[in-house]
2 protein chains.
Amino acid sequence: MDDAPDDRQRWAVLIEYDGSGLVGWQRQENGLSVQQLLEEAAARMAGGREVWSVTAGRTDARVHATGQVAHLDFPIDMPLNTRAVRDGLSFHLKPHPVAILNAARVEPTWNARFSAVRRRYRYRVLNRPTRPALEANRVWHVKFPLDVSAMQKAAKLLLGQHDFSTFRAVACQAKSPIRTLDRLDVRREGELIFFDVEARSFLHHQVRNLVGTLQLVGCGRWTAERLQAALEACDRRAGGPTAPAEGLYLVGVDYDPDPFVTRDRYAHLETAL
Amino acid sequence: MDDAPDDRQRWAVLIEYDGSGLVGWQRQENGLSVQQLLEEAAARMAGGREVWSVTAGRTDARVHATGQVAHLDFPIDMPLNTRAVRDGLSFHLKPHPVAILNAARVEPTWNARFSAVRRRYRYRVLNRPTRPALEANRVWHVKFPLDVSAMQKAAKLLLGQHDFSTFRAVACQAKSPIRTLDRLDVRREGELIFFDVEARSFLHHQVRNLVGTLQLVGCGRWTAERLQAALEACDRRAGGPTAPAEGLYLVGVDYDPDPFVTRDRYAHLETAL
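All names here are of chain B. Estimates place the volume of the largest pocket at around 1,200 Å³. Gly-57, Arg-58, Arg-113, Phe-202 and His-204 are, among the 41 residues lining the largest pocket, the residues nearest its centre. Residue assignment for the lining of the largest pocket shows that the elements contributing at least two residues are strand 2 (53–55), strand 5 (118–127) and helix 4 (206–218). Split by residue class, the lining of the largest pocket holds 17 nonpolar, 15 polar and nine charged. In terms of domain composition, the lining of the largest pocket takes at least three residues from each of domain 1 (8–115 + 255–269) and domain 2 (121–251).

Structure representation (structure tokens):
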């Protein structure tokens, strides 16, 4: 199923979710997924008729999103507009922590996954002695002080096109380990450290493996040279640990042209409060 | 109980909590309070001996804190230091969303409530059509667009010393309704609107009643003149609604001198690098 069939209308939706209690994007037997919740909400809008979805980023269990994008193929006979799709889905998604920020009718050939030209992720580390209370399940808590400027320097080595096998989950199903990293910025804001990462597409666990390895540089266990050697080894066993899922946010997916007239963005993830 | 008895050592603690599942600061029969959790954690550190606490701000149910301050009177024979108090209490507070960010030994006459010279609150509104997913229980969701500059202008009328009876809960036990509001800043950051409010002390529900009333100005139902008249009426019935508890954060309490060596709780991170 790539193009929408003739009896369907395709809608792009912009989605926010708190991944804490979810098994990730993809349907699974062992818990609630964003896909299942979204498709069931759409089916209720469609009077019980099934509606399928395709997403830009199949996030893992406990990963959050402030700007996930998916498309849904509703029956052609439904009278829909942006507000009806946005509010109807959000209503039927209650009480789950999944909400629709925007919606746009797209061409039957438009595809949330294959039309995407860039995925943007943010990873958040809470770097202080005390465990998080307000940010529980929303950050990776690292107790020892991290050297942000050392991580910034090391991050530059990872930019551009590389074989990222060192940072690729063993279970990754991508045909090629070659990816082009367009951005990997590291900065501190008070107790939080942000990793902003962008690429056309990512390998499975790539962002979390990059952050887990940069953290070794940040705490002084690894030099930038060691990181360079790990990248060149093209072997997962040469890389650092996988950073926990709860610090990761899919903050945006870019398309050209953008299907959404306006983008609601969550600027406040900039700060803890 | 004001001063610490001779057989006790008094400690000030800086506390963060997610108030969502709590009944507020004060002990109650119907659920978990910060006071109960803190005193029980302290008692476990003290080998079962009771430890009492006094707080700077008795926050309501579902109100959060990033900078609450309390004092605790531990038995004099306990060998304590800043790290032992901070980490010991944080450990025994698990798995509850309450954590100790800092601790400092203070004089027996120092009092978290009576020594405080300023309380600082932040109120957060999520101003967008879609309900919160990631920020559920941490914001007041207002769907209709709020005019921040109208609220800014109206907020200026409330600054300084006034009889705040219009913004005082009926149950408020303060002797006088006169308070001096030192700060009431309103600003937008993306989808969020922040109200930053500071005073030496507040009446019960004062911040939430101020925000609930300013919101009437923000959505165009009230003019600034109406707000002025409401203030001058000195009657709770003249004021607007009480904004919900979940948007309110106690962000700091000031003392002179400050008991904490580093009030900026990340300062040690900056210098350790």
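It is worth spelling out the relation of the copies chain A and chain B at this point. Turning chain A through 180° and shifting it by 0.0 Å along the axis lays it on chain B, with an RMSD of 0.1 Å. Overall, the copies show the geometry of a two-fold rotation axis. Comparing interface residues between copies, 82% of those in chain A also lie at the interface in chain B; the contact surface is shared.

The next thing to look at is the pattern of salt bridges. Taken as a whole and assessed by the stated rule, the structure comprises 40 salt bridges over all chains. Between Arg120(B) and Asp254(B) there is a salt bridge, and its shortest N-O distance comes to 2.7 Å. In this pair, Arg120(B) sits in strand 5 while Asp254(B) sits in strand 10 (residues 248–254), placing the two residues 134 residues apart along the sequence. On the accessibility criterion, Arg120(B) (22% relative accessible area) is partly exposed. What you see here is one network of salt bridges that share partners, running through Arg118(A), Arg120(A), Arg122(A), Asp182(A), Arg183(A), Asp185(A), Asp196(A), Glu198(A) and Asp254(A).

Residue and element names in this part refer to chain A. Taken domain by domain, chain A holds domain 1 (8–115 + 255–269) and domain 2 (121–251). Facing the 15 residues of domain 1 at the interface are 14 residues of domain 2. Of the roughly 1,300 Å² buried where domain 1 meets domain 2, counting both sides, 51% is carbon and sulfur surface. The interface formed by domain 1 and domain 2 includes three salt bridges. Here Asp-60 makes a salt bridge to Arg-208, at a shortest N to O gap of 3.2 Å. For the side of domain 1 that touches domain 2, a count of residues per class yields four nonpolar, seven polar and four charged.

Another aspect to go through is the interface of chain A and chain B. In this complex, chain A contributes 39 residues to the contact, which on the side of chain B involves 42 residues. Between chain A and chain B, the buried area comes to about 3,300 Å², and carbon and sulfur atoms account for 59% of it. In this assembly, chain A and chain B are joined by two salt bridges. Here Glu16(B) and Arg128(A) are joined by a salt bridge, their closest N and O atoms 2.8 Å apart. Secondary-structure elements contributing two or more residues to the side of chain A that touches chain B are strand 1 (8–17), strand 3 (64–75), helix 2 (82–93) and strand 4 (98–106) of chain A. If you tally residues by element for the side of chain A that touches chain B, the top one is strand 4 of chain A, at four residues.

All right, on to the packing of helix 1 (residues 34–45) of chain B against helix 2 (residues 82–93) of chain B then. All names here are of chain B. Their axes nearest at 9 Å, the elements helix 1 and helix 2 cross at an angle of 115°. The angle between helix 1 and helix 2 falls in the class roughly perpendicular. The element helix 1 and its partner helix 2 pack so that their crossing is right-handed. Together, Leu-37, Leu-38, Ala-41, Ala-42, Arg-44 and Met-45 of helix 1 and Ala-84, Val-85, Gly-88, Leu-89, His-92 and Leu-93 of helix 2 make up the contact between the two elements. In the contact of helix 1 with helix 2, the residues fall into nine nonpolar, two polar and one charged.

For an α-helix, the turn length of 3.6 residues means that residues three or four places apart are oriented alike. All names here are of chain A. Taking 1.5 Å as the rise per residue, helix 1 (residues 34–45) with 12 residues should run 16 Å; its terminal C-alpha atoms sit 17 Å apart, in good agreement. Taken across its 12 residues, helix 1 has 10 buried, putting it largely inside the fold. Those residues of helix 1 that sit buried are Val-34, Gln-35, Gln-36, Leu-37, Leu-38, Glu-39, Ala-41, Ala-42, Ala-43 and Met-45. Immediately downstream of helix 1, the backbone of Gly-47 shows phi near 65°, a positive value.

The rules behind each value
Residues numbered from 1 in each chain as written. Chains lettered and ligands numbered in written order. Predicted model: local features only at pLDDT ≥ 70, side-chain atom pairs only at ≥ 80, totals over all residues. Heavy atoms only, no water. 1 Å grid on protein atoms, 1.4 Å probe; cavity = no way out; pocket = protein on both sides within 12 Å on 5 of 7 lines; lining within 4 Å. Points joined across faces, edges and corners; volume = space filled by probe spheres on them. Helix = DSSP H or I, 4+ residues; strand = E, 2+ residues; numbered from the N terminus. Nonpolar A, V, L, I, M, F, W, Y, C, P; charged D, E, K, R; others polar. Domains from an automatic or database assignment. Least-squares fit on C-alpha atoms with pLDDT ≥ 70 in both. Contact = heavy atoms within 4.5 Å. Salt bridge = Lys/Arg side-chain N within 4 Å of Asp/Glu carboxyl O. Buried < 20%, exposed > 50% of the residue type's maximum accessible area, 1.4 Å probe, protein only. Buried area = accessible area lost by both parts, 1.4 Å probe. Axes fitted to C-alpha atoms, helices over the stretch in contact; angles between N-to-C directions. Parallel < 35°, antiparallel > 145°, perpendicular 65-115°, else oblique. Left-handed = near helix turned anticlockwise from the far one by under 90°. Expected span 1.5 Å × (residues − 1).

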